[in-house]
Amino acid sequence: MAYIIEQEVVKYVCTCGLLKPISKLYFCRYCLEVRCGFCVCHEVDSHFCEKCLENMPSAEARLKKNRCGNCLICPSCLLHLSVRAATVGPKNPEDPKATPRKVVYLHCLMCRWSSRDVGIPDQIAATGGWPERENVYNVRLSEIIEWYKSVVLLEKQQKLEKDKKKQRKYMSFTDKTGLTAEMIRKRIGLTEPPNPLLKTKAKPLEGAIAKEDVEELPDNIFTQPIKLNEITTVQQRLLQPEWQPVTVDKLFPIHKHLSVKQSLRCRSCEHNVSKPEFNPNSVRFKIQLFAYYHIPEIRIVTVEPLRAGQPAELLLKFINPTQHQTVVTILDLSSMPELIQDDKCSADTSTDDELKPIEKEPLSLSLTQSASLLHTTLSRQPSFTIKPRQTKQQVGADIEIPAANFVLPPRDDAAEFDDSGENYNFNDDPRLVKWRKSNKAVIKLQITPSTDLNLGDQVVVGFVMQHIYTNTIATSVEKDKEPQKCQHKIRVFLSLGNLLGSSE
Amino acid sequence: MTSRNNIKIIAGAIVCHEAKLRGDVTIGAGTIMHPCAFVNAEAGPIIIGEKCLVEEQSKITHRVPFDRVEQKNVPVLIIGSNNVFEVGCNVEACRIGDNNIFESKCFVGNKVTVTNGCIIGAGCYITEEQVLPENTIIYGENCLQREALCGPGQQTLQMDTLSKMLPNYHRIRKPNLKS
């Protein structure tokens, strides 16, 4: 898959206007729009340690400062530390019966740092129990946190007082959902019991005092040669902000940071586009609406040498990833105007929602009550929408738009292993379709690099790919309903390579 | 360069027949040389000490730096004892002490002197003229350097197993020198 991830040659334009390779795009089946990591809502599902794969509720994770309690990483090279067993001589070597003791110490397999290097005593049991270091500023830090907590409470209290003066007429959205004890109390006009934290007035903090006279640098700092092996790197220092060790003998193992599983949510219909399974052991997804599974993938097969003003042949391979047959039409970029919505978009989303099914052009009359309409009217109001931005991709070549379209058969996993001759009965235009196999087709396009380009410039062509998307949501809800088909358009930009000099 | 191979294997060394040895190579007792290890003494003799482990695809080359080619006396590449050359390492160092480990796919240039107890990490690339101090560890893609308290442990267990296993499945060169 590296070819998709690393080389950004074929880029699709996301609904938000960003250019992304298909592997980084999502496809929301409910709004039938492409989404990218930038225009979806990121939510943390669960915290876990990627070494011991232990799940942790978010409250506990916060308490542990988002670190795993058991796993340690190497302070020198940031890799996981492993526990290594060793045998040492018995406690009293004079006793002939004494057996050698088994001890464990921490060891990094990458840089060979070991806990013995900094004098951490060996442990007898392999499970945890490594000495923790106390932060010298702990008291001060907790004082500051206390103080800020009380400040926050005070501000909240003041805000409540203010709110009481101007009674609201309507229930807010949050009132309706989160009917807490606090809300009821407010409703019936009871005063809130004073917060216990408020009563005990936090003692005012002593501010940090700036010192005028700083310790002089030792004289030998300019004369002594630096031993690079003994001082720590900036990265090693910043890894332990509480201590910031200067020399390597003060490096101590660090608790591993937790990882999160995150789910992604479409901002306009609030459906998930990606949701991982909760279990940290699993790498699968509950919901994975990746564009790679829904939108035909385009790969560049070959392109003739690109010379300004001279037509060149471009062969593109289209791959249909879905289980449904699709028809791909190549259109000019102008056929899909930029979706730059003005301020009215963010202000008035309901009109926007109503517009969408019309944009999608349902194919048959029976589908006027399209699933997307159904879902958009049912779905909650979008919390926050991102305005699409202008795509600033310059196109450096003209493309001859073929008049014909072509069919891509559904994907069939078994066909990959079927070597028997396949005969297709698609009425392909032989000038357009050059090659076909199962769900793939290679088509030929004529491009002419623009004469405005300089030698060595990157030649980019762009077109709109229109394909028929078969939406399977409606069928899963209502069995008797035909799968809904709609035309989906997406802009695609291809980087073809650099412009060459003339052939003479 | 050298037309004739002059291989001296001291009794106790296990040198597989498929190991490629070029030029004047002396292999000490207890050294294990896997098949497809490549020792190339193109610029002068190589003497490998005792109990070294040279794994498959590792390359030990004696190559004199360009600015020293003109010198009259032929230098000898002396490799100490208990060194481990892991799979795919490429070592051209001009002197190697004892107890060193050259991890997989590392490269050591011909201007580097390796002392004792050094570990050249996997994929590390050192070419600059330098003398690595004792117990130096080079690791990571940026070839960071640190100093260990003590050198790496010996590979006795692995060596014992190999000295039992290798003769069962490979043709072994006959030692031609008594220790």
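Just so we're clear, the structure is a prediction, and the values are computed from it rather than from any experiment.

(A) Summary view of the overall build of chain B. Per the secondary structure count, chain B includes one helix and 19 strands. For chain B, with 179 residues in total, the buried portion stands at 47%. With an accessible surface of roughly 9200 Å², chain B has 50% of that area assigned to carbon and sulfur atoms.

(B) Expanded view of the overall build of chain A. Summing up its helical and strand segments, chain A has eleven helices and 22 strands in all. Here chain A holds 504 residues, and 35% of them are scored as buried. Of the contacts formed within chain A by residues at least 6 apart in sequence, a portion of 67% connects residues at least 24 apart.

(C) Spotlight on the interface of chain A and chain B. Facing ten residues of chain A, the contacting portion of chain B comprises ten residues. Roughly 960 Å² is buried in total at the junction of chain A and chain B, and carbon and sulfur atoms are behind 47% of that figure. Among the residues of chain A in contact with chain B, R112(A), D117(A) and N229(A) are the three that bury the most area, contributing 58% of the side total. Viewed at the interface, chain B and chain A are joined by two salt bridges.

(D) Seen up close, the pattern of salt bridges. Summed over the entire model, instances satisfying the criterion amount to 14 salt bridges over all chains. Here K256(A) ties to E50(A) by a salt bridge, and the two come within 3.4 Å at their closest N and O atoms. On the criterion of sequence distance, the pair formed by K256(A) in strand 10 (residues 254–257) and E50(A) in the loop between strand 5 (40–48) and strand 6 (55–56) is long-range, its members being 206 residues apart. Taking the shortest distance from any N to any O, the salt bridge between R63(B) and E92(B) comes out at 2.7 Å. In this pair, R63(B) sits in the loop between strand 7 (59–61) and strand 8 (77–79) while E92(B) sits in the loop between strand 10 (90–91) and strand 11 (95–96), placing the two residues 29 residues apart along the sequence. Overall, E92(B) belongs to the buried group, its relative accessible area being 8%. Ionic contacts of the salt-bridge type, sharing partners, join the residues E42(B), R63(B) and E92(B) into one network.

(E) Spotlight on the sheet that holds strand 6 (residues 53–54) of chain B. Residues and elements named next belong to chain B. Here we have eight strands laid out as an open sheet, ordered 2-4-6-9-12-15-18-19, and mixed in their pairing. The open sheet has two edge strands with one neighbour each: strand 2 (14–15) and strand 19 (144–147). Here strand 6 pairs with strand 9 (residues 84–85) via two bridges, running parallel. Across the sheet, residue L53 finds its bridge partner in strand 9, namely V84.

(F) Seen up close, the sheet that holds strand 22 (residues 484–498) of chain A. Residues and elements named next belong to chain A. Here six strands make up an open sheet; going across it, the order is 2-1-22-21-16-18 and the pairing antiparallel. Edge strands, defined here as strands with exactly one partner in the open sheet, are strand 2 (19–20) and strand 18 (406–408). Relative to strand 22, strand 1 (residues 10–13) is paired through three bridges, and the arrangement is antiparallel. Within strand 22, the residue paired with Y12 across the bridge is V492.

(G) The arrangement of the side chain of N229(A) in detail. Structurally, N229(A) can be placed in the loop between helix 6 (196–199) and helix 7 (234–238). For N229(A), a relative accessible area of 17% translates into the label buried. Other than its neighbours up to four places away in sequence, N229(A) contacts V248(A), Q145(B), R146(B) and E147(B).

(H) Examining the packing of aromatic side chains more closely. Residue and element names in this part refer to chain A. Under the counting rule described, the total for this entry stands at eight aromatic pairs over all chains. Centre to centre, the rings of F27 and Y469 are 4.8 Å apart; their planes meet at 65°, and the pair counts as edge-to-face. Note that F27 is positioned in strand 3 (residues 25–28) and Y469 in strand 21 (residues 458–471), a separation of 442 residues in sequence. Owing to a relative accessible area of 3%, Y469 belongs among the buried residues under this scheme. Between F285 and F290, the aromatic rings sit 5.4 Å apart at their centres with planes inclined by 90°, giving edge-to-face as the arrangement. You can call F285 partly exposed: its relative accessible area is 33%. Exposure remark for F290: the relative accessible area of 18% places this residue in the buried category. Clustering of aromatic rings is evident, with ring pairs tying together Y26, F285, F290, Y292 and Y293. Positioned above the aromatic ring of Y105, the side-chain terminus of R116 is 4.0 Å from the ring centre. When the ring centre of W243 is taken as reference, the NZ or CZ atom of R133 above it lies at 3.9 Å.

(I) Region of interest: the layout of surface pockets. Residue and element names in this part refer to chain A. Size it by volume and the largest pocket reaches roughly 850 Å³. K65, E132, R133, E242 and W243 are, among the 27 residues lining the largest pocket, the residues nearest its centre. Of all elements in the fold, only strand 7 (67–73), helix 3 (138–165) and strand 10 reach the threshold of two or more residues within the lining of the largest pocket. Here the lining of the largest pocket is built from residues that sort into 14 nonpolar, six polar and seven charged.

(J) Expanded view of the confidence of the model for chain A. Chain-level statistics for chain A give a pLDDT mean of 79 and a share of 77% at 70 or above. Every residue in residues 341–382 of chain A scores below 50 in pLDDT, and together they form 51 contacts with partners more than four places removed in sequence or on other chains.

About the thresholds
- Residues numbered from 1 in each chain as written.
- Chains lettered and ligands numbered in written order.
- Predicted model: local features only at pLDDT ≥ 70, side-chain atom pairs only at ≥ 80, totals over all residues.
- Heavy atoms only, no water.
- Helix = DSSP H or I, 4+ residues; strand = E, 2+ residues; numbered from the N terminus.
- Buried < 20%, exposed > 50% of the residue type's maximum accessible area, 1.4 Å probe, protein only.
- Areas by Shrake-Rupley, 256 points an atom, 1.4 Å probe, with all protein chains shown as cover.
- Contact = heavy atoms within 4.5 Å.
- Buried area = accessible area lost by both parts, 1.4 Å probe.
- Salt bridge = Lys/Arg side-chain N within 4 Å of Asp/Glu carboxyl O.
- Pairing = 2+ DSSP bridges.
- Phe/Tyr/Trp six-rings, centres within 6.5 Å; stacked < 30°, edge-to-face > 60°.
- Lys NZ or Arg CZ within 6 Å of the ring centre and 35° of its normal.
- 1 Å grid on protein atoms, 1.4 Å probe; cavity = no way out; pocket = protein on both sides within 12 Å on 5 of 7 lines; lining within 4 Å.
- Points joined across faces, edges and corners; volume = space filled by probe spheres on them.
- Nonpolar A, V, L, I, M, F, W, Y, C, P; charged D, E, K, R; others polar.
- pLDDT = per-residue confidence, 0-100.

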